[in-house]
Amino acid sequence: MTLDEVRDLARRVLAGAGLSADHAAAVAETLVAGERDGCGSHGVYRLLVATRTIATGRVSTDAVPVVREPAQALVRVDGGGGFAQLAFERGKPLLIEKAKAFGIAALALNNVVHFAALWPEVEALTDAGLVALAFTPSHAWVAPAGGTEPVFGTNPIAFGWPRPGRDPFVFDFATSAVARGEIELHRRAGKPVPDDWGYDAEGRSTTDPAEVLAGAMRTFGGHKGSALAAMVELIAGPLIGDRTSRESIAADEGAGASPLGGELILAIDPAGFLGASVAEHLSRAEAMFAAIEGQGARLPGARRYAARRRSLAEGVQVPAALHADLMALTTGDA
Ligand code: NDP
Ligand code: PYC
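Residues numbered from 1 in each chain as written. Chains lettered and ligands numbered in written order. Predicted model: local features only at pLDDT ≥ 70, side-chain atom pairs only at ≥ 80, totals over all residues. Heavy atoms only, no water.

Caption draft 1: Local environment of the domain arrangement of the chain. What the domain assignment reports for the chain is domain 1 (1-56 + 301-334) and domain 2 (62-176 + 219-300). One C-alpha centre belongs to domain 1, the other to domain 2; they are set 22 Å apart. Between domain 1 and domain 2 the total buried area reaches about 2100 Å² when both faces are included, carbon and sulfur atoms providing 62% of it. It is His23, Thr30 and Tyr305 that lose the most area in domain 1 upon contact with domain 2, and together they represent 25% of the buried surface on that side. Applying the counting criterion to the domain 1 and domain 2 interface returns four salt bridges. Among the salt bridges present, the one from glutamate 123 reaches arginine 308, with a minimum N-O distance of 2.9 Å. Secondary-structure elements contributing two or more residues to the side of domain 1 that touches domain 2 are α2 (21-36), α3 (46-56) and α12 (302-314). Per element, the largest residue contribution to the side of domain 1 that touches domain 2 is nine residues, and it comes from α2. Here the side of domain 1 that touches domain 2 is composed, by residue class, of eleven nonpolar, eight polar and nine charged. (Domains from an automatic or database assignment. Buried area = accessible area lost by both parts, 1.4 Å probe. Salt bridge = Lys/Arg side-chain N within 4 Å of Asp/Glu carboxyl O. Helix = DSSP H or I, 4+ residues; strand = E, 2+ residues; numbered from the N terminus. Nonpolar A, V, L, I, M, F, W, Y, C, P; charged D, E, K, R; others polar.)

Caption draft 2: Local environment of unusual backbone geometry. Although it is not a glycine, asparagine 155 sits at a positive phi angle of roughly 30 degrees. Here asparagine 155 is to be found in the loop between β4 (131-135) and β5 (157-161). Residue classification places asparagine 155 among the buried residues on the basis of a relative accessible area of 0%. Unusually for a residue other than glycine, glutamate 253 sits at a positive phi of about 50 degrees. (Buried < 20%, exposed > 50% of the residue type's maximum accessible area, 1.4 Å probe, protein only.)

The following block contains the structure:
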């Protein structure tokens, strides 16, 4: 499919499911970007997740995000229970303006449904020349290191560093061993998962994706991922007056909707500390990137940017079974 065809399909599916035009356009862009960048678990596959969430009635399909300024360097957007993408779009200009004015600024998205990757948010800020960090809890699916019962969400952390004239340095990963979407894709494909991704409902290691989905996922890197997952809960939950992953899944009451809660996004202007010497110090960062790539290691983001270039030139390949499921959504046969 060309990316325009993917966009058209995404918008039709979302509009058909009842999403307002503003929300459908914002959500579709995120999913097109995921498909374009070769992120299988957060590309058009997520249309199945978004429409399932809409069908539960637990996302507002026409919420109008409200932007506030609680303090000089702070922006808060109340998403009104809608998807996070439009809330971010509405808060982004003020976040950038404040980061440039004060050197650092923070945006809290409250009361939003987040079911997508975080790197689009971070890249929107590196495009403006800013360093960026983003965090969001999800549903309690992940056990802390040393336990087997879910407490944390899959709690991604994304970081972006602007590189003038080059693709930004961006990483974005779950603090669980893997994103839940990846386990769902294994289940759809009938493939086993590695035995260190999660536990069954009795707390035993398992390679059956359905058992992990019904049991508990594991954090990455043992106690280190566990501590980072807890940090995400705290700074994108209580710190901004929003839900923890335990509270999100409790409020879901088994409906199976995507998580409803908050997201914290930090933006830092390199010129804040560096003034006129920004270029000099950014070039020292380039020396570090060269030392990584110079030994054959790759930078996070490199696979995505390569996929992006390929997709822009050649389009994308959507698996036939997924395409059939998505077409069924446009015709109401799902
Ligand atoms: P991965 O474990 O695949 O890690 C992805 C990150 O690591 C990317 O930045 C990737 O770069 C980089 N990376 C992977 N392999 C290498 C390597 N060999 N060398 C250098 N860098 C590497 O991702 P996850 O499964 O943890 O998460 C996938 C997505 O799921 C994320 O985008 C995340 O935001 C999303 N997610 C969203 C949630 C939400 O609540 N909204 C919850 C959990 C996850 P590259 O992309 O170039 O491969
Ligand atoms: O894949 O873990 C995940 C996920 C949760 C919310 C959005 N993506």
